[in-house]
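# Commentary on secondary and tertiary structure
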Amino acid sequence: MRAEQLFDVRGLATLVTGAASGLGLAYAEVMAANGARVTLLDRDAGALERQVERLASHQWDVRGEVCDITDRARVREVFAAAAAHHGRLDVVFANAGIDLPPGYLTAGRRDPAGGIENLPDENWDRMIAVNLTGVFVTIREAARHMKPQGGGRIIVTTSVAASRTSGLPGFAYMPAKAGAAHMVRQAALELARWNIHVNAIAPGPFATNIAGGHSLTDAAQQGVARVVPLRRMAHPDEIKGVALLLASPAASFITGAEITVDGGRSHGMADPA
Ligand SMILES: NC(=O)c1ccc[n+]([C@@H]2O[C@H](COP(=O)([O-])OP(=O)(O)OC[C@H]3O[C@@H](n4cnc5c(N)ncnc54)[C@H](O)[C@@H]3O)[C@@H](O)[C@H]2O)c1
């Protein structure tokens, strides 16, 4: 089989949550650039409009839906509208996610404001609502559309933080991501008989707008360079290959997997210089 057939996503009806920035935008871009028909969902109306316009200027088949993933009724409406527009839903990326800082470390130092005892209820509730419940709601809507049509692909953005501790993200980030990662395994088991594949992409450090764009600062980039074996932060474009793999015929026997894209970070520290 040639690469064009193995990774062929032409015509696939795709929905991406959190698609106006960072990794979600990269998923939408690689799918659209390769001939998929893509609905971009995001809560940020301005960024969404700009990105949909930019992608459409390449003559790619894209449309936007403004939606907060925590608004379940609206999520259902958006899925129904996307399925009606495209005629089906083949690939769904459950990607929308946030990090509400501070964690207990900031630039390597203890930050009392990020201590467990200081974590406000609102931050805990919002992190769980977006990063955990948001994934559940997305998988549920995807299953509702994919079961009757005979299959589909669900791809969840988890994190290396799902299985490692870290002091930098806010406290609720790790348990929310761990829950999402295990939800992928359980959903893969349950949905396999309907030919619905459920997989996770677990990124390491990518330079995006998450946590107010903290990862874009020089200090963050240098800190990452010291601990990641590949010695740098990743660009969102570097998630595109694994997204295409999981959406395409190349992943015909892959389900319940979590593919790590982290420059080697999960396996330990970088060599000292
Ligand atoms: N950047 C990293 O280093 C990294 C590492 C591991 C995992 N992740 C995960 O990748 C995913 C994407 O994050 P990113 O780094 O691209 O961040 P980002 O902030 O650049 O993009 C996230 C997008 O999601 C949207 N969004 C946030 N909350 C939403 C909500 N409630 N409803 C709808 N849309 C919402 C935002 O408006 C934004 O457009 C998240 O799940 C994040 O946890 C990121």
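Labelled according to an unreviewed UniProt entry, the chain appears under the name SDR family NAD(P)-dependent oxidoreductase, originating from Paracraurococcus lichenis. What UniProt records for the chain under Sequence similarities (unreviewed entry) is the sentence "Belongs to the short-chain dehydrogenases/reductases (SDR) family."

### Quick word on the nonpolar core
Core analysis: the largest hydrophobic core is formed by 35 residues, its most contacted members being Tyr27, Met31, Val38, Leu40, Phe93, Ile201 and Ile239. Where this core is concerned, the elements lending two or more residues are α2 (22-33), β2 (37-42), α3 (45-56), β4 (91-94) and α9 (240-247). The leading source of residues in this core is α2, at eight residues. With sequence-adjacent residues up to four places away left out, Leu40 is seen in contact with Val16, Ala19, Leu25, Ala28, Leu48, Val52, Leu55, Val62, Arg63, Gly64 and Glu65.

### Some details on the pattern of salt bridges
Scanning the entire structure with this criterion turns up 14 salt bridges. For the salt bridge of Glu65 with Arg63, the shortest nitrogen-to-oxygen distance reads 2.8 Å. Relative accessible area serves as the criterion here: at 11%, Glu65 is assigned to the buried category. Residue classification places Arg63 among the buried positions, given a relative accessible area of 17%. Salt-bridge contacts for Glu141 lead to Arg76; the nearest nitrogen and oxygen are separated by 3.2 Å. Note that Glu141 is positioned in helix α5 (residues 121-149) and Arg76 in helix α4 (residues 72-86), a separation of 65 residues in sequence.

### Observations regarding the site of the ligand
Around the ligand there are 29 residues in total, and Ser21, Leu23, Asp42, Tyr173 and Thr208 lie nearest to it. Between the ligand and the protein, one listed contact pairs an oxygen atom with a backbone N or O atom of Ile210 at 3.3 Å. About the coverage of the ligand: the protein hides 92% of its 830 Å² of free accessible area. Among the secondary structure elements, those contributing two or more residues to the shell around the ligand are α2, α5 and α6 (173-191). A breakdown of the residues in the shell around the ligand according to their chemical character gives twelve nonpolar, eleven polar and six charged.

### Focus on the environment of Ala36
Note on placement: Ala36 falls in the loop between α2 and β2. Sequence-wise, Ala36 and His86 are 50 residues apart; in three dimensions their C-alpha atoms are separated by 10 Å. Aside from chain neighbours lying at most four places away, what touches Ala36 is Val9, Arg10, Gly11, Leu12, Thr14, Met31 and Asp61.

### As for the pairing of strand β1 (residues 13-17)
Counted residue by residue, β1 has five buried out of five residues, so it is predominantly covered. Along β1, one buried face is formed by Ala13, Leu15 and Thr17 and the opposite face, lined by Thr14 and Val16, is buried too. Here β1 runs beside β2; their pairing, made up of five bridges, is parallel. Bridge pairing in β2 links Thr17 to Leu41. In the classification by handedness, the crossover that spans β1, the intervening α2 and the parallel β2 is right-handed.

### Observations concerning the pairing of strand β3 (residues 62-66)
Pairing of β2 with β3 involves five bridges; the strand directions are parallel. Considered in β3, the bridge of Leu40 is made with Gly64. Regarding the hand of the β-α-β motif, the stretch spanning β2, α3 and β3 is right-handed.

The rules behind the values
- Residues numbered from 1 in each chain as written.
- Predicted model: local features only at pLDDT ≥ 70, side-chain atom pairs only at ≥ 80, totals over all residues.
- Heavy atoms only, no water.
- UniProt positions renumbered as here; feature names shortened; annotations may be inferred.
- Core = buried A, V, L, I, M, F, W, Y, C linked by side-chain atoms within 4.5 Å.
- Buried < 20%, exposed > 50% of the residue type's maximum accessible area, 1.4 Å probe, protein only.
- Helix = DSSP H or I, 4+ residues; strand = E, 2+ residues; numbered from the N terminus.
- Contact = heavy atoms within 4.5 Å.
- Salt bridge = Lys/Arg side-chain N within 4 Å of Asp/Glu carboxyl O.
- Near = heavy atom within 4 Å.
- Polar contact = N/O pair within 3.5 Å; in protein donor to acceptor, adjacent residues only side chain to side chain.
- Areas by Shrake-Rupley, 256 points an atom, 1.4 Å probe, with all protein chains shown as cover.
- Nonpolar A, V, L, I, M, F, W, Y, C, P; charged D, E, K, R; others polar.
- Pairing = 2+ DSSP bridges.
- Right-handed = clockwise from strand over helix to strand, strands pointing away.

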